[in-house]
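Listed below, chain by chain, are the residues.
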Amino acid sequence: MHPQLKIADAAGALSEDELRRLEIAYCSHGDTVHYTDAPKFFSGCEGSFMYDASETPFLDLQMWYSAVNFGYRNERLNAAAHRQLDSLPQVASQYLHREKVELAALIAQDAEQKFGHKGRVHFNVGGSQAIEDSLKLVRNYTNGKSLMFAFEGGYHGRTLGASSITSSYRYRRRYGHFGDRAQFIEFPYHFRGPKGMSKEEYGEYCVQKFARLFESEYNGVWDPKAGKSEYAAFYVEPIQGTGGYVIPPMNFFTGIKKVLDDHGILLVVDEIQMGVYRTGKLWSIEHFGVSPDVLVFGKAITNGLNPLSGVWAREEMINPTIFPPGSTHSTFASNPMGTAVALETLTMVGETDFGASVMAKGALFLDGLKTLQKRHAIVGEVDGLGLALRMEICKSDGFTPDKATLDWMSDEGMKGDLLVKGKKYGLVLDVGGYHKNVITLAPNLMISNEEIALAIELLDQLLTRAERR
């Protein structure tokens, strides 16, 4: 064995500097770690906090991109993982286990009650992989149609298929031509929309702009003589995630769904980031009064403990006669560790009015953000639904996007030198938005009121430092 690897076998034998040198030499930089020059090392976590080697607490307001909705090292969910580890931690995917069946039934029965359609669930591992599975379902059901609608600002993953329906060209640029790239439709981002329109009016404007594509065959999406569209489905995030937690008006999706239904186009809802109570409901689409044909989920359903994702689809799209065995497959799909934790997650949130708690905490947090908006000119907009919250950082005019200042604030928060009552804290923030100037806030759904107050104090300090620099 290589002598360096022998050293690494001993827990804690390598210093952080030595680990950093190894990481620079041997780890791919193709992921998102090296968006910053010196990525932070963490060694512990608990609840709403991450801890570095010096035990400095970093209040995490992004919770692994909304994957750890129920807090780091959640005792109940960790215990479920331990139980499964000691009973049936592994099983090949051609066999059944109890947790898979119960979880699928729970999700499907809940969807039938809420959306009015019987359906089935297909599991995978990551969000992008579940998006790929949904594309197979859609293309199969529509006799091979490969064109999709998606939103400007939308994000659905970075596998090849998911990249084709993600609006950012930078995720496709190096990988050749994407012949099936989606047609991207305007999303009602009211803060940066046309002036003089209310949020609801702007939502209606965007619906009508989409509907006009079907008024003539010369818009390239519709054959009025045959009554057929070239497009199979519209992929939507009810609240845009990487796009900056943009929350549309409540009337928006009912209008979009009517256009889709009138033209035989499916609605596929991506709940990977906003699902599992981030917005105070199991699925964020529940706020908007429409029923999806396909729903994709992942991330927080296992609280980040073991990868699991999945697709719910209406019965006529996914029943065994149209989507037979082997239609799609992943070795680790429906793995027992993931399904056991997910089952415990949904059992846990079903025991209380969990959504009401999230909404109350979200309202408290949003009030704090509004106070900061009044206090700091560089805060252009704040908004939120449940505990999906946004703060847009701008120039002193309160509107011009200021990516550089937010980048500086993110790095400053990672120094771990913010002081509250004589104690040092760090602050973990996530950056999103069309101009990468939005703090996308996805705190622990079990965050305490005291931790919300701490978050507002730490953000206040960061904003003050940013304005004085």
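The rules behind these values
- Residues numbered from 1 in each chain as written.
- Predicted model: local features only at pLDDT ≥ 70, side-chain atom pairs only at ≥ 80, totals over all residues.
- Heavy atoms only, no water.
- Helix = DSSP H or I, 4+ residues; strand = E, 2+ residues; numbered from the N terminus.
- Rg over C-alpha atoms; globule rule 2.2 N^0.38 Å.
- Buried < 20%, exposed > 50% of the residue type's maximum accessible area, 1.4 Å probe, protein only.
- Contact = heavy atoms within 4.5 Å.
- Areas by Shrake-Rupley, 256 points an atom, 1.4 Å probe, with all protein chains shown as cover.
- Core = buried A, V, L, I, M, F, W, Y, C linked by side-chain atoms within 4.5 Å.
- Pairing = 2+ DSSP bridges.
- Right-handed = clockwise from strand over helix to strand, strands pointing away.
- Axes fitted to C-alpha atoms, helices over the stretch in contact; angles between N-to-C directions.
- Parallel < 35°, antiparallel > 145°, perpendicular 65-115°, else oblique.
- Left-handed = near helix turned anticlockwise from the far one by under 90°.
- Nonpolar A, V, L, I, M, F, W, Y, C, P; charged D, E, K, R; others polar.
- Polar contact = N/O pair within 3.5 Å; in protein donor to acceptor, adjacent residues only side chain to side chain.
- Salt bridge = Lys/Arg side-chain N within 4 Å of Asp/Glu carboxyl O.
- Phe/Tyr/Trp six-rings, centres within 6.5 Å; stacked < 30°, edge-to-face > 60°.

### A word on the overall build of the protein chain
Then, number 1: Along the backbone of the protein chain there are 14 helices and 18 strands.
Then, number 2: Relative to a compact globule of 469 residues, whose C-alpha radius of gyration would be 23 Å, the protein chain shows 23 Å and is just as compact.
Then, number 3: For the protein chain, the spread of C-alpha atoms along the three principal axes comes to 70 × 60 × 50 Å.
Then, number 4: Considering the protein chain as a whole, with its 469 residues, one finds that 53% of them fall into the buried category.
Then, number 5: Considering only intrachain contacts with a sequence separation of at least 6, the fraction spanning at least 24 residues in the protein chain is 71%.
Then, number 6: Surface summary for the protein chain: the accessible area is close to 21,200 Å², and the carbon and sulfur share equals 52%.

### Describing the nonpolar core
Then, number 1: Phe-149, Phe-210, Phe-365 and Leu-369 are the most contacted members of the largest nonpolar core, which totals 103 residues.
Then, number 2: If one sorts the elements of this core by residue count, helix α14 (residues 449–468) sits on top with 9 residues.
Then, number 3: Not counting the four nearest positions on each side in its chain, Phe-365 is found in contact with Leu-61, Leu-387, Leu-389, Pro-443, Ile-447, Ile-452, Ala-455 and Ile-456.
Then, number 4: Counting 24 residues, the second-largest nonpolar core is a separate cluster that includes Ile-165, Ala-232, Met-317 and Phe-323.

### A word on the pairing of strand β10 (residues 266–270)
Then, number 1: Among the 5 residues in β10, 5 count as buried, and that is most of the element.
Then, number 2: Taking every second residue as pointing to the same face, both faces of β10 are buried, with Leu-266, Val-268 and Asp-270 on one and Leu-267 and Val-269 on the other.
Then, number 3: Pairing of strand β9 (residues 231–236) with β10 involves 4 bridges; the strand directions are parallel. In the strand pairing of β10, Ala-233 is matched with Leu-266.
Then, number 4: Tracing the backbone out of β9, into helix α9 (residues 252–262) and back to the parallel element β10 gives a crossover that is right-handed.

### A closer look at the packing of helix α13 (residues 403–413) against α14
Each pair of packed helices gets described by two things: the angle between the helix axes and the distance between those axes.
Then, number 1: At a minimum axis separation of 10 Å, α13 and α14 run at an interaxial angle of 125°. With respect to α14, the axis of α13 lies oblique. Seen along the crossing, α13 lies across α14 with a hand that is right-handed. Where α13 approaches α14, its residues Thr-405, Trp-408, Met-409, Glu-412 and Gly-413 are matched on the opposing element by Leu-462, Leu-463, Arg-465 and Ala-466.
Then, number 2: The residue makeup of the contact of α13 with α14, split by class, is 5 nonpolar, 2 polar and 2 charged.

### Some thoughts on the side chain of Asn-335
Then, number 1: Along the chain, Asn-335 falls in the loop between α10 (315–318) and α11 (336–349).
Then, number 2: Assessed through its relative accessible area of 11%, Asn-335 is described here as buried.
Then, number 3: Among the polar contacts listed, one links the side chain of Asn-335 to the backbone oxygen of Phe-332, at a separation of 3.0 Å.
Then, number 4: Asn-335 has contacts with His-97, Asn-306, Pro-307 and Leu-308, leaving out every residue within four places of it along the chain.

### Some words on the pattern of salt bridges
A side chain of one charge can pair with a side chain of the opposite charge if their charged atoms are brought near each other.
Then, number 1: Applying the stated rule across the entire model yields 28 salt bridges.
Then, number 2: In this structure, Glu-392 and Arg-192 form a salt bridge, with 2.7 Å as the shortest nitrogen-oxygen distance. Taken as a pair, Glu-392 in strand β14 (residues 388–393) and Arg-192 in the loop between β6 (183–185) and α8 (199–211) lie far apart in primary sequence, 200 residues in all. Across this residue pair, the class does not change: Glu-392 and Arg-192 are buried.
Then, number 3: The salt bridge partner of Lys-257 is Asp-261, with a shortest N-O separation of 2.8 Å. Of this pair, Lys-257 and Asp-261 are both found in helix α9, 4 residues apart, which corresponds to roughly one turn of the helix.
Then, number 4: On the basis of relative accessibility, which here comes to 13%, the residue Lys-257 falls in the buried class.
Then, number 5: Asp-261 gets classed as partly exposed once you look at its relative accessible area, which sits at 47%.
Then, number 6: Several salt bridges converge on common partners, so that one network encompasses Arg-76, Arg-83, Glu-344 and Glu-351.

### So, the packing of aromatic side chains
Then, number 1: Scanning the entire structure with this criterion turns up 26 aromatic pairs.
Then, number 2: Between Phe-149 and Phe-234, the aromatic rings sit 5.8 Å apart at their centres with planes inclined by 40°, giving tilted as the arrangement. One end of the pair, Phe-149, is in strand β5 (residues 147–151); the other, Phe-234, is in strand β9, with 85 residues separating them in the sequence.
Then, number 3: Phe-149 gets classed as buried once you look at its relative accessible area, which sits at 0%.
Then, number 4: Centre to centre, the rings of Phe-214 and Trp-222 are 6.1 Å apart; their planes meet at 70°, and the pair counts as edge-to-face.

### Observations regarding unusual backbone geometry
Then, number 1: Of note in this structure, Ser-66 is not a glycine but carries a positive phi near 65°.
Then, number 2: Structurally, Ser-66 is set in helix α3 (residues 63–66).
Then, number 3: In this structure, Ser-334 is a non-glycine residue whose phi angle is positive, near 55°.
Then, number 4: Looking at where Ser-334 falls in the secondary structure, it is placed in the loop between α10 and α11.

### Points about the environment of Met-317
Then, number 1: Its location among the elements puts Met-317 in helix α10.
Then, number 2: You can call Met-317 buried: its relative accessible area is 0%.
Then, number 3: Linking Met-317 and Lys-136, residues 181 residues apart in sequence, is a C-alpha distance of 10 Å.
Then, number 4: Excluding residues within four positions of it along the chain, Met-317 makes contact with Leu-137, Val-138, Tyr-141, Leu-266, Asp-293, Val-294, Ile-322 and Phe-323.

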